[in-house]
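This is what each chain is made of:
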Amino acid sequence: MTKAVEIGGLKIGGGNPVRVESMLKIPLSDKEKCYEQCAYLAKLGCELVRAAFPSVTLTEDLAWLAKNSPIPLMADIHFDASLAVAALEAGVPSIRINPGNMARGIADVVACARERRAVIRIGANSGSLNSAQLKRAGGVRSDALAAAAEEQLKILLDQGFDDVILSAKSTSAPETVRANSLLALKYPDLPFHIGITESGFGRDGLIKSASGLALLLAQGIGDTIRISLSEAPEEEVRAGYSLLKALELRHRGGALISCPTCGRKRIDVMGLAALVSPHLEDLPDGMTVAVMGCEVNGPGEARDADFGIAGSRGGAVIFRKGRVLREVPLERAAEFLLQAAQEDF
Ligand code: SF4
């Protein structure tokens, strides 16, 4: 059980559900577009959104977005303590910094965060490790990453500030897992943000992120997640929920069971699964539906599904918890399945 922190009304850690976050992929100068992106992400279930804040000239845009965004913002700041102070003064409820990069101004940042009850996320990243840090860790990158995060953390703890979220990210899943596992052993009370940084694109990026995060979440490590992909931010949010659904940590919308098919299949499972998939988001949370190739094994193999369809001699059968209800025409099988799932849960 980690300590709970609160960002703009959103509770993170302390037994709250694992939060799903993303990052704006357009500059703050285009504040209307940023707002639209925030609103769309919020609709998909994104709970916290990070925004790059690289220049003080963007302070007014940041303040406007912090005021209008339907989900809390986290300003992402590198090196410049005065920018961190400007973000907090602009009303942003959380910032992501590397305190070690702001040594001279960090006291001001902490004072400002304390006064505004803002949360500071410490973001150590494998890309920023220097040769001295690597040498101290005996060349073991994951250990160097954990030590770098700890160094940053201590700067804040030494100032008596502990409204923090700890984060140590690498582009390597095993490195991220090991670094976070080490940190969680030392700081079991702190909330963690976890992610595999710059995870990549498409299937490889998803699997890299999911494998690393699943190993951590299965150990109880991770209070907020980001699936960092070279794709639209909504894909990060959808992937975040897919992962949490797969691990049965959170449910948002429905889930699909569908068979890989074999020589017994009587229907186009791939086509039907593709028809049903986009509608899962609209199903009640926790609902499971199934698309199975044959009525001989389908209903039994998918007896965990609330509703399912399976190919039959005359078209498809619709079943509930493994029990066949009736036969339906094949061309309307997906429609009947979704209707049953929406109306009777
Ligand atoms: S449900 Fe039927 S078609 Fe699908 S894999 Fe099982 S036996 Fe094969």
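Since the model is a prediction, treat every value here as computed from it, not as a measurement.

**A look at the overall build of the protein chain**
Within the protein chain, the secondary structure is distributed over twelve helices and 15 strands. For the protein chain, the spread of C-alpha atoms along the principal axes amounts to about 75 × 45 × 30 Å. By the burial criterion, 48% of the 345 residues in the protein chain qualify as buried. In the protein chain, of all internal contacts separated by at least 6 residues, the share reaching a separation of at least 24 is 61%.

**With respect to unusual backbone geometry**
If you check the backbone angles, Arg117 has positive phi at about 50° while not being a glycine. In this structure, Arg117 sits in the loop between α4 (106-115) and β7 (119-125).

**Observations concerning the nonpolar core**
Counting 78 residues, the largest nonpolar core has Ala84, Ala87 and Ile95 as the members making the most contacts within it. For this core, the element with the highest residue contribution is helix α6 (residues 141-157), accounting for eight residues. Ignoring anything within four residues of it in the chain, the contact list for Ala87 reads Phe53, Leu62, Ala75, Ile77, Val92 and Ile95. Core analysis: the next-biggest nonpolar cluster, separate from the first, contains 29 residues, Leu272, Cys294, Ala334 and Leu338 among them.

**Quick notes on the packing of helix α10 (residues 269-276) against helix α12 (residues 333-343)**
Relative placement of two packed helices is described by the angle separating their axes and the distance separating the axes. Running from amino to carboxyl end, α10 crosses α12 at an angle of 40°, the nearest separation of the two axes being 10 Å. As judged from the angle between their axes, α10 and α12 are oblique. Relative to α12, α10 is oriented so that their crossing is right-handed. Along its contact with α10, which presents Leu272, Leu275 and Val276, the element α12 presents Ala333, Ala334, Leu337 and Leu338.

**Some points on the pairing of strand β13 (residues 307-312)**
Each regular strand carries side chains that alternate between the two faces of the sheet. In terms of burial, β13 is a largely internal element, six of the six residues being buried. Residues Phe307, Ile309 and Gly311 line one face of β13 and the alternating positions Gly308, Ala310 and Ser312 line the opposite face, and both faces are buried. Where strand β12 (residues 288-292) lies against β13, four bridges are found, and the strand directions are parallel. When the bridges of β13 are listed, Val289 appears paired with Phe307. Bridge count between β13 and strand β14 (residues 315-320): five bridges; the pairing is antiparallel. The partner of Gly308 across the bridge, within β14, is Phe319. Counted between consecutive antiparallel strands, the loop separating β13 from β14 contains two residues.

**Focus: the sheet that holds strand β15 (residues 323-328)**
Sheet strands associate in pairs through backbone hydrogen bonding, adopting either a parallel or an antiparallel arrangement. What the five strands build is an open sheet, ordered β11-β12-β13-β14-β15; its pairing is mixed. A strand with exactly one partner marks an edge of an open sheet, and here the two such strands are β11 (255-258) and β15. Ignoring which end each strand starts from, the neighbouring axes of this sheet average 25° apart. Where β14 and β15 come together, five bridges link them in antiparallel fashion. Residue pairing in the sheet places Ile318 in a bridge with Arg326 of β15.

**Some details on the pairing of strand β8 (residues 164-169)**
Among the six residues in β8, six count as buried, and that is most of the element. Taking every second residue as pointing to the same face, both faces of β8 are buried, with Val164, Leu166 and Ala168 on one and Ile165, Ser167 and Lys169 on the other. Two strands pair when backbone bridges link them, and β7 and β8 are joined in this way by six bridges, in the parallel orientation. By the bridge assignment for β8, Arg121 is matched with Ile165.

**Concerning the sheet that holds β7**
In space, the eight strands of this open sheet follow the order β8-β7-β6-β5-β4-β3-β10-β9, with parallel pairing throughout. Each edge of the sheet is formed by a strand with only one pairing partner; in this case those strands are β8 and β9 (193-194). Here β9 runs beside strand β10 (residues 224-225); their pairing, made up of two bridges, is parallel. By the bridge assignment for β10, Ile194 is matched with Ile225.

**Some details on the domain arrangement of the protein chain**
Taken domain by domain, the protein chain consists of domain 1 (5-246) and domain 2 (255-343). Between domain 1 and domain 2, the C-alpha centre-to-centre distance is 39 Å.

**Here's the deal with α6**
Its 17 residues give α6 an end-to-end C-alpha distance of 24 Å, which sits within 8% of 24 Å, the value for a rise of 1.5 Å per residue. Along α6, the residues classified as buried are Ser142, Ala144, Leu145, Ala146, Ala147, Ala148, Ala149, Gln152, Leu153 and Leu156. Residues of α6 that are buried make contact with α4, β7, α5 (131-136), β8 and α7 (173-186).

**Topic: the environment of Glu248**
Relative to the helices and strands, Glu248 resides in the loop between α9 (233-246) and β11. Overall, Glu248 belongs to the exposed group, with 9 C-beta atoms counted inside 10 Å.

About the thresholds
- Residues numbered from 1 in each chain as written.
- Predicted model: local features only at pLDDT ≥ 70, side-chain atom pairs only at ≥ 80, totals over all residues.
- Helix = DSSP H or I, 4+ residues; strand = E, 2+ residues; numbered from the N terminus.
- Buried ≥ 20, exposed ≤ 12 C-beta atoms within 10 Å, placed from the backbone.
- Contact = placed C-beta atoms within 7 Å.
- Core = buried A, V, L, I, M, F, W, Y, C linked by C-beta atoms within 7 Å.
- Axes fitted to C-alpha atoms, helices over the stretch in contact; angles between N-to-C directions.
- Parallel < 35°, antiparallel > 145°, perpendicular 65-115°, else oblique.
- Left-handed = near helix turned anticlockwise from the far one by under 90°.
- Pairing = 2+ DSSP bridges.
- Domains from an automatic or database assignment.
- Expected span 1.5 Å × (residues − 1).

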